[in-house]
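Chain by chain, the residues:
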Amino acid sequence: MKKMHSLLAAAVAISCMTAAAPAVAQNYPERPVTLIVPWPAGGGVDTMGRVSAEILRKSLGQSVVVENKGGAGGNIGTAIAAHARPDGYTLLMASTTPNAVNEHLYSRPGYDAQADFAPIALVGATPNILVVPANSPFKSVDELIAYAKANPGKLTFGSGGIGSTQHLAGVRFMQAAKIDMLHVPYKGTAPAEADLMAGHVSVMLDTAPSIPLIAAGKLRALAVAAAKRTPVLPDVPTLDELGVPEVYITTWYGVMAPTGTPAEIIQRLNKDIVQALATPELRKKMAEMGADTVPGSPQDFGHFISSESERYKHIVKASGARLD
């Protein structure tokens, strides 16, 4: 009899939880939402995080607070988000490095990049751009490659750090062009760009922050590491066009939640983001940042992350990079 009462109590508790779940989702959100950006303020992920927070603020009618939790290549903030309560009030601004690369760089990043997160929406993607200093002798990719082949290891390429998309883009470029350059990692994109502009490194496959520097004439863009040209630099060819095939390295940005977040909340947030991305105003704003909008379902985003993880596994292996 005692056992029967225990089973009945458990059944009632489960029934109550099941009945409460839709109500929680229905009333969501009743308080401010936190969006964790696992990088310092001012970078590309932070910029996209603030764009996403504004989208959600308008659609949810609640404050969406951006919290920058940088460190360890994005691992610290991503781990905090992974272990947050799955109630829709803590979200993550996901991106290429912590959500597709770091699992191949670190033996214990502090989270499982796929199992610990429920994808919501892929917001946008920006291609890496092959840039040289404004006063560089290289006016074309052909000139750069010819010099590199005649002088193996003499050219240097900068990056925001070991395992960054800039580093991996450089590795992939060397593979495709069959050249050898020396990698010079920095503690972030800004110092790498500063040394590039000063001529202390030869070249960089940089991310979106390079676009204003190109516009200001401080860097020269030679090519785009993508399958198609970027609207913000329409006259800059792709590496494919120049005979250096399949150097497709982009920094992508998306919103995720801890695994276990109610499906109704996931679907609502996806709908809000996708609808916003379709507006002319936001499409124009994203284009000005050199980003393509990539609307789709949570399932689409999940499949994309899986394919990116598999692709970067091979690029990281080729780079020889390991951070433990």
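As a convention, each chain's residues are numbered from 1 in the sequence order in which they are written. At least 70 in pLDDT is required for a residue's local features to be given in this predicted model, at least 80 for side-chain atom pairs to be given and counted, and no such filter applies to totals for whole chains, interfaces and linings, which use all residues. Water and hydrogen atoms play no part in the side-chain values, which are based on all heavy atoms of the structure.

A. Geometry of the packing of helix α6 (residues 165-177) against helix α11 (residues 298-319). Only C-alpha atoms enter the line fits that serve as axes; for helices the fit covers just the stretch in contact. Angles between N-to-C directions range over 0 to 180 degrees. Counting from the N terminus, the helices are the DSSP runs of H or I reaching at least four residues and the strands are the DSSP runs of E reaching at least two. Relative to each other, α6 and α11 sit at 80°, their axes nearing to 10 Å. The orientation of α6 with respect to α11, classified from their angle, is roughly perpendicular. For the pair formed by α6 and α11, the contact residues are T165, H167, L168, V171 and Q175 on the first element and Y312, I315, V316, A318 and S319 on the second. Ten residue types, Ala, Val, Leu, Ile, Met, Phe, Trp, Tyr, Cys and Pro, are classed as nonpolar, four, Asp, Glu, Lys and Arg, as charged, and the remainder, Gly among them, as polar. Looking at the contact of α6 with α11 residue by residue, the class counts come to six nonpolar, four polar and no charged. Orientation labels follow simple angle bins: below 35 degrees gives roughly parallel, above 145 gives roughly antiparallel, 65 to 115 gives roughly perpendicular, and whatever is left gives oblique. In what follows, residue pairs with any heavy atoms lying within 4.5 Å of each other are defined as contacts.

B. Structural view of helix α7 (residues 189-197). Taken residue by residue, α7 has A192, E193 and L196 as its buried positions. The arc that holds every buried residue of α7, seen down its axis, measures 95°, which confines them to one face. On its buried side, α7 packs onto β4 (117-133), β5 (156-159), β7 (203-206), α8 (210-215) and β8 (219-225). G199 occupies a position one or two residues after α7 and carries a positive phi of about 85°. Summary of the burial criterion: residues with accessible area below 20% of their type's maximum are buried, those above 50% are exposed, and those between are partly exposed, where the area comes from a 1.4 Å probe applied to protein chains only. Working definition: the arc comes from the directions between the helix axis and the C-beta atoms, pointing outward to the latter.

C. Summary view of the side chain of Q166. When you line up the elements, Q166 lands in helix α6. Judged by relative accessible area, Q166 falls into the buried class, the value being 3%. At 2.9 Å, the side chain of Q166 and the side chain of D206 are in polar contact. Identification of polar contacts relies on pairs of N or O atoms within 3.5 Å, with a donor-acceptor requirement for protein atoms, meaning one able to donate a hydrogen and the other able to accept it, and with residues adjacent in sequence counted only if both atoms are side-chain atoms.

D. Here's a closer look at the pairing of β7. Side-chain alternation along β7 places V203 and L205 on one buried face and M204 and D206 on a second face that is also buried. Here β5 runs beside β7; their pairing, made up of two bridges, is parallel. The partner of F157 across the bridge, within β7, is V203. We treat two strands as partners when DSSP finds at least two bridges between them.

E. Inspection of the nonpolar core at higher detail. Grouped together as the largest cluster of nonpolar side chains are 49 residues, with contacts concentrated most on L130, F173, L239 and V244. For this core, the element with the highest residue contribution is α6, accounting for six residues. Formed by 32 residues, the second largest nonpolar core is a distinct cluster that contains V37, V66, A121 and V123. What makes a nonpolar core is a set of buried Ala, Val, Leu, Ile, Met, Phe, Trp, Tyr and Cys residues whose side-chain atoms join them at distances within 4.5 Å.

F. Highlighting the environment of K154. Tracing the chain through its elements places K154 in the loop between α5 (141-150) and β5. For K154, a relative accessible area of 55% puts it in the exposed group. In this structure the C-alpha to C-alpha distance between K154 and A223, which are 69 residues apart in sequence, comes to 21 Å.

G. Representation of unusual backbone geometry. Here the amide bond leading from Y28 into P29 is cis, since omega sits at -5°, within 30 degrees of zero. With respect to the helices, strands and loops of the structure, P29 is situated in the loop between α1 (2-27) and β1 (33-37). Positive phi, close to 55°, is recorded for A72, a residue that is not glycine. Position of A72 relative to the elements: it lies in the loop between β2 (64-68) and α3 (75-82). Of note in the backbone geometry, K178 takes a positive phi value of approximately 60° without being a glycine. Note that K178 resides in the loop between α6 and β6 (182-185).

H. Representation of the pattern of salt bridges. By salt bridge we mean one thing: a side-chain nitrogen of Lys or Arg within 4 Å of a carboxyl oxygen of Asp or Glu. Under the criterion given, the structure shown has nine salt bridges. A salt bridge links R31 to D87; the shortest N-O distance between them is 3.3 Å. Highlighted residues: R31 in the loop between α1 and β1 and D87 in the loop between α3 and β3 (90-95), separated in sequence by 56 residues. Accessibility expressed as a relative area gives 42% for R31, which makes it partly exposed. Put simply, R311 and E308 hold a salt bridge, and the shortest N to O gap is 3.0 Å.

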